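What the coordinates show
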Amino acid sequence: MAQLVAIGLTAIAIQPIIAYAPSSLIGAIAPVSLSMVAAAFVFGLSMQMILGCGSGTLVNAGSGNPIALVALPLFCIGSFLGTLLVPFAIESTPHIPISLTASFGVSGSVGITLLGLFVAGLIASRFSTGSIWNKKLLIAGAVLAGLAILHVLVAGQPWGVVYGLGLWVAKGAQGLGWDPASAQFWVHPINASALSSSVLTDTTSLTSLGLIGGAALAAWQGSDSQPLKQPVAAWYFVVAALFGLLLGVSSRLAFGCNVGALFSGIASGSLHGWFWLIAGFTGSVVGVKLRDQLWLRASEAAS
Amino acid sequence: MTRRFGIVIALVSALFVVGLDWSLGVPPDPYRAPDPMAFGSQSGASGAICTFAPGADK
């Protein structure tokens, strides 16, 4: 419920201000397509397998979680591979960007967004065994919404995670001799500019580095008394690496992770955020069942 | 080994990304930093955004 409140508060603030200053601010609007929905499903499944979504993997890695530390490099590589596949996906299937703000105006778009979130809350409460209202989480959600709004005001665009990860690998690949002119995605002026600039001037890179640093700071105290080793067999780390790679590829093909596409997409009034929510949630349900089975086997193999 | 070792690995990796980027000849340029206050600056956002889909509008 706190997540829905956070998205709702952000939507109420950013949709009007983006519409007011379109030359300065942009929303997280992306196309809806078959490949986008399939990729969101794979992302939802993968994030359960490595116990972390886009931002969650960064936080877990910053907290010293070994599974996340294995998955994160592959997540970055996958995000880069995804940028190479995006043009093919766009040419293969129809991609239709639908902005609710452009279609129904600001008040209509905000109204539809809040109604959608309300319905999602009702569905969540119907299937929840306990209370879905938690005061601490609601406060955290409100704080998160405030930071997301500030992000739009300061950076000019909504919060995202994955773009920066792919950018880091693209820069590394360029250093190893890869020619970005061979990739349609990186030829685009916006991406070419990001590639030729410092990562410290890239908004998503800054927030992703900040997530790692913030998580490290929060987890530092007491971390010297917690064992690094996870109670699972070594082969689960191979599984984590594989799904980390899938997490990266799918997040690029789905035009964002649960932050850039779901949170920022819905808050910006992009229809693709809602498709992402349904597909990502469905994939997540499948992922929970698969993870429980594999985790049990990995735990038994380790003991 | 403790969890702190993992935290140190994560922090060193993050610094490695910045250091590698710098060593490849892209030092931080404060004049190309993201807009300090994009709202009303008319300079627009950096554009490198997760939902960016070049060619999707064609």
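Small disclaimer: the values here were computed from a predicted structure and weren't measured.

Across its full length, chain B carries 1 helix and 0 strands. Across the 58 residues that make up chain B, the buried fraction comes to 33%.

Take the overall build of chain A next. Helix and strand counts for chain A stand at 13 helices and 2 strands. Within chain A, buried positions represent 54% of all 303 residues. Looking at chain A alone, contacts between residues at least 24 apart form 83% of all its contacts between residues at least 6 apart.

As a further point, take the nonpolar core. Grouped together as the largest cluster of nonpolar side chains are 107 residues, with contacts concentrated most on Ala40 and Ala71 of chain A. Dropping the residues within four chain positions of it, Ala40 of chain A is found in contact with Ala254, Phe275, Trp276, Ala279, Gly280 and Gly283 of chain A.

Glancing now at unusual backbone geometry. Residue and element names in this part refer to chain A. Despite not being glycine, Leu51 has its phi angle at roughly 60 degrees, a positive value. Within the secondary structure, Leu51 sits in the loop between helix H2 (34-49) and helix H3 (54-62). The phi dihedral of Phe255 is positive, around 55 degrees, even though this residue is not glycine. Here Phe255 lies in the loop between helix H11 (235-253) and helix H12 (258-268). Among the residues examined, Phe255 registers 36 C-beta atoms within 10 Å and is labelled buried.

Listed per partner, the contact involves 67 residues of chain A and 44 residues of chain B. Contributing elements (two or more residues each) for the side of chain A that touches chain B: H3, helix H4 (66-92), helix H6 (135-155), helix H7 (162-175), helix H9 (189-195), helix H10 (203-220) and H12 of chain A. Examining the composition of the side of chain A that touches chain B, we find that 8 residues originate from one element, H10 of chain A, more than from any other. Taken together, the residues that form the side of chain A that touches chain B break down as 36 nonpolar, 28 polar and 3 charged.

Once that is clear, we can look at H12 of chain A. Residue and element names in this part refer to chain A. Within H12, 11 of the 11 residues are buried, leaving the element largely enclosed by the surrounding structure. Every buried residue belonging to H12 is among Asn258, Val259, Gly260, Ala261, Leu262, Phe263, Ser264, Gly265, Ile266, Ala267 and Ser268, and all of these are buried. Structurally, H12 contributes buried residues whose contacts are with helix H1 (2-20), H3, helix H5 (100-127), H6, H7 and helix H13 (271-302). Residue Gly269 follows H12 closely and has a positive phi angle near 85 degrees.

Our focus in this paragraph is the environment of Leu150 of chain A. With respect to the element layout, Leu150 of chain A can be found in helix H6. Measuring from C-alpha to C-alpha, the distance between Leu150 of chain A and Ile278 of chain A comes to 27 Å, with 128 residues separating the pair along the chain.

On to the environment of Met47 of chain A. Residue and element names in this part refer to chain A. One can find Met47 in helix H2. Taking the C-beta count within 10 Å as the criterion, Met47 has 28 such neighbours and is therefore assigned buried. With 196 residues separating them along the chain, Met47 and Phe243 place their C-alpha atoms 7.7 Å apart. Sequence-distant contacts of Met47, that is, excluding residues within four places in its chain, are made with Gly52, Cys53, Gly56, Leu247, Ser284 and Gly287.

This next bit is on H2 of chain A. Residues and elements named next belong to chain A. Helix length check: H2 (16 residues) gives 23 Å between terminal C-alpha atoms against 22 Å at 1.5 Å per residue, within 8%. Across the 16 residues that make up H2, a large majority, 14, are buried. Remark: Leu51 follows H2 within two positions and exhibits a positive phi of approximately 60 degrees.

Let us now look at the packing of H4 of chain A against H11 of chain A. All names here are of chain A. Contact pair H4 / H11: the axes reach a minimum separation of 5 Å and the direction vectors enclose 35 degrees. In the crossing of H4 with H11, the sense of the turn from one axis to the other is right-handed. Taken together, the residues of the contact of H4 with H11 sort by class into 21 nonpolar, 7 polar and 1 charged.

The next thing to look at is the packing of H1 of chain A against H12 of chain A. Residues and elements named next belong to chain A. Packing of H1 against H12 brings their axes to within 7 Å, and their N-to-C directions diverge by 50 degrees. Between H1 and H12, the crossing angle belongs to the class labelled oblique. Two secondary-structure elements touch here, H1 through Ile7, Thr10, Ala11, Ile14, Gln15 and Ile18 and H12 through Phe263, Ile266, Ala267 and Ser268. Considered class by class, the residues forming the contact of H1 with H12 number 7 nonpolar, 3 polar and no charged.

Criteria and thresholds
- Residues numbered from 1 in each chain as written.
- Chains lettered and ligands numbered in written order.
- Predicted model: local features only at pLDDT ≥ 70, side-chain atom pairs only at ≥ 80, totals over all residues.
- Helix = DSSP H or I, 4+ residues; strand = E, 2+ residues; numbered from the N terminus.
- Buried ≥ 20, exposed ≤ 12 C-beta atoms within 10 Å, placed from the backbone.
- Contact = placed C-beta atoms within 7 Å.
- Core = buried A, V, L, I, M, F, W, Y, C linked by C-beta atoms within 7 Å.
- Nonpolar A, V, L, I, M, F, W, Y, C, P; charged D, E, K, R; others polar.
- Expected span 1.5 Å × (residues − 1).
- Axes fitted to C-alpha atoms, helices over the stretch in contact; angles between N-to-C directions.
- Left-handed = near helix turned anticlockwise from the far one by under 90°.
- Parallel < 35°, antiparallel > 145°, perpendicular 65-115°, else oblique.

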